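# Coordinate inspection notes
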Amino acid sequence: MHGLVFRFLSWPWCLWAWLGGIASPFTIRHARLVQRIGRFMVGWIKGLSEWWEPNAQLTEQDISPYFWSNGTMPNSAEFEALVADEFAHYRLRVSGLVESPRDFSFADPKALPKQEQITTHFCIQGWSGVAKWGGVPMCDILDIVKPTPDARYAVFYSFSEGSAGGGYYDVHELHNMRHRLTILAYEMNGAPVSVLHGAPLRLRCENELGFKMVKWIAAIELVRDFADLGAGQGGYNEDHEFYGYRMPI
Amino acid sequence: MTDSVKTERPPHDPIASTLSAADDRIVMSEWLPPQEGIVPRIRIGRRWINILWALPIGAAALVLLIALAQSLRELQSVQAFIKEYPGIAGPCSTGKRPVPSTLSRFAGSCFSFWRTGSWCSLPV
C-alpha cells in the first residue's frame, strides 16, 4: 500500500523529468518561440507589476561593502578619449520622438536638481547589492525634451558591446521612466560613478533587474516600437539570451 | 497589382547601426561544453570532503559510537547511574499520527533532498 502511495506521489517528478528530456531539444531549437510564448503568457503580468511601488529605500548602514559589476567594459578609442579628459567632451544625445532633441554635456545633468536614493540592485544572476545613487530624475530629462504622444519606449544605447559582439542597448517603457526612482546616475555612494560602474552616466530604474540598467550611456532615443532595433526583442540580453524586455523585480 | 504605400521609419540614432542581429536558436557551439558531473562534497570547517568518503566514514564512526555506548552500559558505575536516574518517560504517542506515515516519509525525503542541496555547495 505504501509503495503504491509513494508511486502515486512521485509521478509528477517522473513526468517533469520526462518532459525535460522531450522539451529541451525543442526549446534549444526554438528558443525565440519559447520567448514569445513566455511574453504572451506572463509578459502582461510583468507589465502590471511595473506599476507596483518597490519599497526600495534603505539607509546608509545598509550599503554593501562590495558592489559587484557585470557587463563588458567599453573598449573603443572614443570612450578611451572620453575617460582621458574626464568626460569633458561627453555628449548625451536624447533624440527620437521628442519635440526638443538635446545634446547634454556631462555638466548639464549635474546642474539639474539632484536626487539621491539608497536601493538594492537585483541581478538576474541571483546576487544583489545596496548602494546610494545620486543623479537626475529621468522625468526631468523627459520634461526638457518633451516626448511626442506616439513615443512609447526609451532606448538606452551604451558605449559598451555585449558579450557576443554588437552594441549593448536596452528598452524601457516610457511610463517607467517617469517612476520616482528612475534616475540617470552620476554618483555612487557619494563619489562620482566609476568607469567600472557605468561612468559617465548609468540608468537606475529601481523596479527592474540589473541588466536593464544600462551603464556607460551614449544616447537615449524615444521610439514608438523597438522591432527594428537589433534583433527586435527590446534589448541586448533580450535578443541574445531570450530574456523578456520587462523584468520587474 | 496592388498599390503599395511606402512608409518611412524615423531614422534612429547613429549608434543604432552598431546593434547586432541574433540567432533565434540557442547555438550550442557558443555555450560551454557539457561538464561532467562531480560527486557532491560537504565542507567541515575549512576542508571539503567527498561524500563518497564521508558517508562510509560517518557510518563506521556511528557503529563505533554505538558499540562504545553499549560497552559503557556494561560498566558497574554506568549501570548504577542508570538505575539511580532512569529518566522520565515523555508523553507516549497514542499511535495515531496527524499525517500518514507514507506522506511524511515522502515529504521528509523531498525536504532532505532540498536540504542536502543547500548544504553541499561546490568549491570555488
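Residues numbered from 1 in each chain as written. Chains lettered and ligands numbered in written order. Predicted model: local features only at pLDDT ≥ 70, side-chain atom pairs only at ≥ 80, totals over all residues.

### A few points about the overall build of chain A
Note the threshold: Secondary structure counts use DSSP, requiring at least four H or I residues in a row for a helix and at least two E residues in a row for a strand, with both numbered from the N terminus. Buried means a residue has 20 or more other C-beta atoms within 10 Å of its own C-beta, exposed means 12 or fewer, and partly exposed covers the counts in between; C-beta atoms are placed from the backbone. In this description, any two residues whose backbone-derived C-beta atoms lie within 7 Å of each other are considered to be in contact.
Broken down by element type, chain A carries 7 helices and 10 strands. Overall, the C-alpha framework of chain A stretches about 75 × 45 × 35 Å when taken along its three principal axes. Within chain A, buried positions represent 39% of all 249 residues. Sequence-distant contacts, at least 24 apart, represent 69% of the contacts inside chain A between residues at least 6 apart.

### Examining the overall build of chain B
Looking only at helices and strands, one finds 3 helices and 2 strands in chain B. In chain B, the order of α-helices and β-strands from amino to carboxyl end is β-β-α-α-α. Looking at chain B residue by residue over its 124 residues, the buried ones come to 2%.

### Some points on the nonpolar core
Test applied: Working definition: the nonpolar core is a set of buried Ala, Val, Leu, Ile, Met, Phe, Trp, Tyr and Cys residues, joined through C-beta atoms within 7 Å.
By size, the foremost hydrophobic cluster in this structure holds 48 residues, and its most contacted members are V155(A), F156(A), Y169(A), L184(A), A185(A) and I217(A). Of all the secondary structure elements, the ones that give two or more residues to this core are α3 (77-84), β4 (128-137), α5 (138-145), β5 (153-161), β6 (167-173), β7 (182-188), β9 (202-205) and β10 (217-223) of chain A.

### Side note on the pairing of strand β2 (residues 102-105) of chain A
Going by this rule: We call two strands paired when DSSP finds no fewer than two bridges between them.
Across 4 bridges, strand β1 (residues 91-96) of chain A lies against β2(A) in antiparallel orientation. Residue pairing in the sheet places R93(A) in a bridge with D103(A) of β2(A).

### Section: the confidence of the model for chain B
Residue and element names in this part refer to chain B. Threshold: On a range of 0 to 100, pLDDT expresses the predictor's confidence in each residue.
Per-residue pLDDT for chain B has a mean of 78; in total, 73% of the residues score no lower than 70. At the low end of the mean pLDDT range in chain B sits helix α3 (residues 101-119), at 64; at the high end sits helix α1 (residues 51-73), at 94. In the predicted structure, residues 117-124 sits below a pLDDT of 50 and forms 6 contacts with residues beyond four places in sequence or in another chain. For this predicted complex, the interface score ipTM comes out at 0.81, while the overall pTM is 0.71.

### Description of the sheet that holds β5(A)
All names here are of chain A. To keep things clear, this is the line we draw: Interaxial angles span 0 to 180 degrees and are taken between N-to-C directions of axes, which are lines fitted to C-alpha atoms, for helices over the stretch in contact.
Here we have 5 strands laid out as an open sheet, ordered β2-β1-β10-β5-β6, and mixed in their pairing. Two strands close off the open sheet at either side, each with one partner strand: β2 and β6. For this sheet, the mean angle separating the axes of adjacent strands, direction not counted, is 20°. By the bridge criterion, 4 bridges tie β1 to β10 in an arrangement that is parallel. Bridge assignment links V94 to a residue of β10, and that residue is I220.

### Points about the interface of chain B and chain A
The criterion, for reference: Three classes are used, and their members are as follows: Ala, Val, Leu, Ile, Met, Phe, Trp, Tyr, Cys and Pro are nonpolar, Asp, Glu, Lys and Arg are charged, and the others, Gly among them, are polar.
Contact with chain B, which involves 17 residues of that partner, is made by 26 residues of chain A. Broken down by class, the residue content of the side of chain B that touches chain A amounts to 9 nonpolar, 4 polar and 4 charged.

### Topic: the domain arrangement of chain A
Inclusion rule: Each domain span listed reflects an automatic or database assignment of domains.
As assigned here, chain A comprises domain 1 (1-49) and domain 2 (55-240). Computed over C-alpha atoms, the centres of domain 1 of chain A and domain 2 of chain A are 35 Å apart.

### Side note on unusual backbone geometry
Residues and elements named next belong to chain A. A cis amide bond, omega 5°, links A199 with the succeeding residue P200. Here P200 shows up in the loop between β8 (191-192) and β9. Positive phi is not limited to glycine here, since K146 has a value of about 60°. In this structure K146 comes out as partly exposed when scored by C-beta crowding, with 14 C-beta atoms within 10 Å.

### Looking at the environment of Y169(A)
For Y169(A), the location among the structural elements is in strand β6. Separated by 67 residues in the primary sequence, Y169(A) and Y236(A) have C-alpha atoms spaced 5.6 Å apart. Contact partners of Y169(A), with chain neighbours within four places excluded, come to V155(A), F156(A), Y157(A), S158(A), V214(A), L229(A), G230(A), G235(A), Y236(A) and L19(B).

### What about the environment of R91(A)?
All names here are of chain A. You can see R91 is positioned in strand β1. What makes R91 partly exposed here is the crowd of 14 C-beta atoms within 10 Å. Along the backbone, R91 and D103 are 12 residues apart, and their C-alpha atoms lie at a distance of 5.7 Å. Residue contacts for R91: discarding those within four places in its chain leaves D103, F104 and S105.

### Section: the pairing of strand β1 (residues 41-44) of chain B
Residue and element names in this part refer to chain B. Of the strand pairs in this sheet, β1 and strand β2 (residues 47-50) are connected by 4 bridges, and their pairing is antiparallel. Across the sheet, the residue bridging to R43 is W48, located in β2. The antiparallel pairing of β1 with β2 creates a hairpin that spans 2 residues between the two strands, and G45 there sits at a positive phi of about 65°.

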